[in-house]
Amino acid sequence: MSEQKGNNKQGIGPRKFRPPTNPWFFILLALAIMVGINSITMMSLNGAVQVVDYSEFTKMVEDGQVESVEISSGMITFTSKSGLLRSAARYQTVAVEDQYLVERLLKNGVNFGGKVSRPSFFEILLVYVLPIAFYAVMIIWIVRMFKGGAKGGIGALNFGKSGAKLYEVSDASKKFSDVAGQDEAKEALIELVDFLHQPNKYKAMGAKLPKGALLVGPPGTGKTLLAQAVAGEAGVPFFFVSGSAFVEMFVGTGAARVRDLFKQANEKAPCIVFIDEIDAIGKKRDTIGISANDEREQALNQLLAEMDGFDPSKGIVVLGATNRPEILDKALLRPGRFDRRIIVDLPDLKGREAVLRVHARPIRMDKDVDYAAIAKATVGASGADLANIVNEAALRAVRMDHHAVLQEDLEASVETVIAGSERKSLVVPEKEKRMIACHEIGHALVAARQKNAAPVHKITIIPRTSGALGFTMQVDEEDRVLLSREDLLARLTVLSAGRAAEQFMFGTCTTGASNDIEQMTKIARSMVTRYGMSSKFGMMSLESGGSAYLGQEGRAICSSESAAVVDKEVAALVSDAFENASRILKENASHLTRLTNYLLEKETLMGDEFMEILDAEPAGTADGDGA
Ligand code: ADP
Ligand code: ZN
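Residues numbered from 1 in each chain as written. Chains lettered and ligands numbered in written order. Predicted model: local features only at pLDDT ≥ 70, side-chain atom pairs only at ≥ 80, totals over all residues. Heavy atoms only, no water.

### A few points about the pairing of strand E10 (residues 316-322)
Inference 1: Extensive coverage of E10 is indicated by the burial of seven of its seven residues.
Inference 2: Residues Ile316, Val318, Gly320 and Thr322 point to one face of E10 and Val317, Leu319 and Ala321 to the other, with burial holding for every one of them.
Inference 3: Inspection of the sheet shows strand E7 (residues 212-216) paired to E10 by five bridges, in the parallel sense. Among the inter-strand pairings, Val216 is bridged to a residue of E10, identified as Thr322.
Inference 4: Bridge analysis of strand E9 (residues 271-276) against E10 gives five bridges, and the strand direction is parallel. Counterpart to Phe274 in the pairing with E10 is Leu319. (Buried < 20%, exposed > 50% of the residue type's maximum accessible area, 1.4 Å probe, protein only. Helix = DSSP H or I, 4+ residues; strand = E, 2+ residues; numbered from the N terminus. Pairing = 2+ DSSP bridges.)

### Some words on the coordination of the zinc ion (ligand 2)
Inference 1: Of the protein atoms, only His439 (NE2), His443 (NE2) and Asp516 (OD) coordinate the zinc ion (ligand 2), at distances of 2.0 to 2.1 Å.
Inference 2: Each donor residue of the zinc ion (ligand 2) lies on the same chain, and together they follow the pattern H-x3-H-x72-D. Of this pair, His439 sits in helix H16 (residues 430-448) while Asp516 sits in helix H18 (residues 514-529), and the two are 77 residues apart along the sequence.
Inference 3: Taking the relative accessible area as the measure of exposure, His439 reaches 4% and is therefore buried. (Donors = N, O, S within 2.8 Å, 3.2 Å for Na, K, Ca; no water.)

### Describing the site of ligand 1
Inference 1: The immediate surroundings of ligand 1 are formed by 15 residues, with Ala180, Gly220, Lys223, Thr224 and His359 found nearest.
Inference 2: Contact distances for ligand 1 include 2.8 Å between an oxygen atom and a backbone N or O atom of Gly220.
Inference 3: Take Thr221: an N or O atom from its main chain is 3.2 Å from an oxygen atom of ligand 1.
Inference 4: Taking 560 Å² as the accessible area of ligand 1 by itself, protein coverage stands at 78%.
Inference 5: Elements supplying a minimum of two residues to the shell around ligand 1: helix H7 (223-234), helix H12 (349-360) and helix H14 (383-399).
Inference 6: Tallying contributions element by element places H7 first for the shell around ligand 1, with three residues.
Inference 7: By residue class, the composition of the shell around ligand 1 is six nonpolar, seven polar and two charged.
Inference 8: The two domains that each donate at least three residues to the shell around ligand 1 are domain 1 (165-343) and domain 2 (349-418). (Near = heavy atom within 4 Å. Polar contact = N/O pair within 3.5 Å; in protein donor to acceptor, adjacent residues only side chain to side chain. Areas by Shrake-Rupley, 256 points an atom, 1.4 Å probe, with all protein chains shown as cover. Nonpolar A, V, L, I, M, F, W, Y, C, P; charged D, E, K, R; others polar. Domains from an automatic or database assignment.)

### Considering the packing of H14 against helix H15 (residues 407-419)
Inference 1: At a closest axis distance of 8 Å, the pairing of H14 and H15 adopts a crossing angle of 125°. Here H14 lies oblique to H15, going by the angle between them. Seen along the crossing, H14 lies across H15 with a hand that is right-handed. Contact with H14, carried on its side by Asn388, Ile389, Val390, Glu392, Ala393, Arg396 and Ala397, involves Glu408, Asp409, Leu410, Ala412, Ser413, Val414, Thr416 and Val417 of H15 and no other residues of that element.
Inference 2: Tallied by class, the residues present in the contact of H14 with H15 amount to eight nonpolar, three polar and four charged. (Axes fitted to C-alpha atoms, helices over the stretch in contact; angles between N-to-C directions. Parallel < 35°, antiparallel > 145°, perpendicular 65-115°, else oblique. Left-handed = near helix turned anticlockwise from the far one by under 90°. Contact = heavy atoms within 4.5 Å.)

### Some thoughts on the sheet that holds strand E5 (residues 111-114)
Pairing between sheet strands relies on hydrogen bonds along the backbone, with the strands arranged either parallel or antiparallel.
Inference 1: Spatially, E1-E4-E3-E2-E5 is the arrangement adopted by the five strands of the open sheet, whose pairing is mixed. With partners counted over all chains shown, the strands left at the sheet margins are strand E1 (50-51) and E5, one partner each.
Inference 2: Relative to E5, strand E2 (residues 66-72) runs parallel, the two being bridged by four bridges. Across the sheet, Ser68 pairs through a bridge with Asn111, a residue of E5.
Inference 3: Docked against the sheet, helix H2 (residues 54-62) engages E2, strand E3 (75-80) and strand E4 (90-94), running at close to 40° with respect to E3.

### Notes on helix H19 (residues 560-587)
Inference 1: In a regular helix each residue adds 1.5 Å, so 28 residues correspond to 40 Å; H19 covers 41 Å between its end C-alpha atoms and thus fits that length.
Inference 2: Among the residues making up H19, those that are buried are Ser562, Val566, Glu569, Val570, Leu573, Ala577, Ala581, Ile584 and Leu585.
Inference 3: Residues of H19 that are buried sit in contact with H16, helix H17 (485-506), H18 and helix H20 (589-602). (Expected span 1.5 Å × (residues − 1).)

### Details of the packing of H16 against H17
Inference 1: Their axes nearest at 7 Å, the elements H16 and H17 cross at an angle of 135°. By the angle class used here, H16 and H17 are oblique. The element H16 and its partner H17 pack so that their crossing is right-handed. Between H16 and H17, the residues in contact are Arg434, Met435, Cys438, His439, Gly442, His443, Val446 and Ala447 and Thr493, Val494, Leu495, Ala497, Gly498, Arg499, Ala501, Glu502, Met505 and Phe506, respectively.
Inference 2: Its residues assigned to classes, the contact of H16 with H17 comprises 10 nonpolar, five polar and three charged.

### Here's the deal with the nonpolar core
Inference 1: Counting 31 residues, the largest nonpolar core has Ile459, Leu592 and Phe610 as the members making the most contacts within it.
Inference 2: Among the elements of the structure, H16, strand E12 (456-460), H17, H19, H20 and helix H21 (607-616) are those that each provide at least two residues to this core.
Inference 3: For this core, the element with the most residues is H16, which contributes eight residues.
Inference 4: When sequence neighbours within four positions are dropped, the list of residues in contact with Phe610 reads Ile441, Ala444, Leu445, Ala448, Val456, Ile459, Leu595 and Leu605. (Core = buried A, V, L, I, M, F, W, Y, C linked by side-chain atoms within 4.5 Å.)

Below, the structure written as structure tokens:
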């Protein structure tokens with residue numbers, strides 16, 4: 001229904017000319033123009049007048065060279081007679097107190113008279129009107145620019161404007177094909193696209209379409225991208241605004257901004273209004289006390305009113321994005337507002353491969369690149385992470401002078417994104433290096449010897465900028481959706497194996513296990529409080545809140561006695577895991593020593609290499625005699 005050219009360009013598009021905003025620019029410009037005007041004025045007033053001394057003037061009068069004289073206050077202007085050799089010229093001299101002047105002029109027959117100095121119209125224009133007009137224009141311009149926040153200005157004086165960026169739709173805009181995976185989300189959004197295309201079809205049927213949809217999911221999964229793609233597919237304008245924009249700055253402006261946003265949207269309908277981080281204004285309203293959040297509540301109320309207010313057949317669709325749906329106000333979620341919820345979750349194995357492929361499109365990739373392998377190694381990565389991995393790989397390929405991006409570039413950049421880049425300059429003393437190697441082999445060995453643990457992918461003792469001194473990477477064959485109690489116990493055992501190996505080989509423990517300990521405690525606590533996997537409590541929830549998408553933990557909801565029991569249970573799970581790991585290591589003591597030496601020498605071991613060495617010799621040739 002709406003043609004692209006139908007969107008009248010009101011100077012809002014990102015490509016439009018933006019006036020310079022630096023105040024120095026204007027000050028310098030004003031100075032330059034003033035100097036220009038001044039010199040023009042001086043020149044035109046003086047014409048080709050020659051300035052001479054008073055004595056020269058009297059001499060010329062006495063010599064009879066002067067034709068006429070004009071006396072004004074403080075200044076004498078005179079014209080010389082034209083002679084054979086020279087034409088008449090105008091002169092000026094400063095009037096000196098001279099009582100004989102009139103006498104002298106009369107004696108020499110010079111025409112003289114006074115002159116009332118009345119400036120000409122042109123002079124008035126030049127000296128008075130022009131500069132004033134110039135300054136007036138300047139001031140108006142500057143004030144406008146500061147005000148025009150919604151139009152790409154600076155907006156310090158821009159109280160009520162929404163600050164919504166309007167992206168004019170162009171060929172370059174996003175399409176669904178730019179969004180990899182997320183098929184369910186796309187399916188849910190296609191209906192909206194159709195609605196924006198032909199609202200009348202739905203109107204004729206009497207069907208009401210949702211006014212808004214909420215995109216819910218962890219950060220970086222492509223929510224903004226999806227909203228842009230809906231606008232791109234429908235060929236309608238796209239308003240992007242962040243929820244926090246409504247609550248920042250001046251008191252009382254939030255509601256005005258919301259109003260202004262919808263006014264703009266109404267003018268451009270059909271269109272899409274995208275409110276990112278909608279939880280910033282959509283948080284549950286407090287019922288207790290006079291809140292400090294009055295400002296936010298007003299903005300929220302205004303948003304609710306606007307969403308009820310606009311005519312749905314006009315084709316305005318409001319899309320909101322959040323990664324904390326649980327804190328949103330119920331009023332925002334009721335039918336007629338954001339009644340549709342579209343989950344945009346972390347991509348699965350296939351999704352990750354698709355995202356990698358989408359982002360590899362503009363990049364020169366080697367034809368043997370195995371995207372599936374990279375996807376496998378990036379469990380839990382968001383679309384944004386994957387985009388970053390591809391880009392890092394391309395940068396590395398340039399650095400390494402490769403003809404195209406190779407598999408090794410991708411693998412290295414996965415590690416860079418997960419663990420930070422390599423810190424080759426860090427000098428680790430030989431003894432500590434041995435301990436780190438032993439720690440990592442401990443993890444790997446226990447992982448290899450346990451049924452429920454994921455296979456080892458890579459072991460390295462090259463320190464990373466993230467602070468890790470080494471790591472053991474495990475990669476599951478496929479994505480896991482469910483984890484059994486045995487899986488979790490196996491994880492705990494593998495995590496504790498680093499410390500167990502140190503203890504076994506060196507009889508001491510180090511700070512190197514701090515990260516392992518943190519992870520173990522988290523898993524063990526969740527097992528008790530959230531997954532109902534402890535015999536003491538069974539299926540009892542001991543925790544509430546927390547964010548599904550941000551990985552935040554909730555608050556304990558149990559008596560303090562129970563909390564003490566929880567702690568005991570967690571400690572028991574952790575120490576059982578440690579016992580288990582120690583036992584496995586003892587059974588494989590010879591492997592532990594041999595592989596530690598090997599890793600020390602190589603610094604990095606791939607999973608299959610590790611397994612080969614491990615299987616090369618049967619275990620049990622040596623007893624655990626420590627080292
Ligand atoms: P969100 O709004 O969910 O935080 P964005 O939409 O801003 O995330 O995504 C950030 C970037 O990550 C995008 O610009 C895009 O490059 C990349 N990205 C995320 N998800 C996908 C996806 N499904 N397909 C392709 N690229 C994606
Ligand atoms: Zn460790």
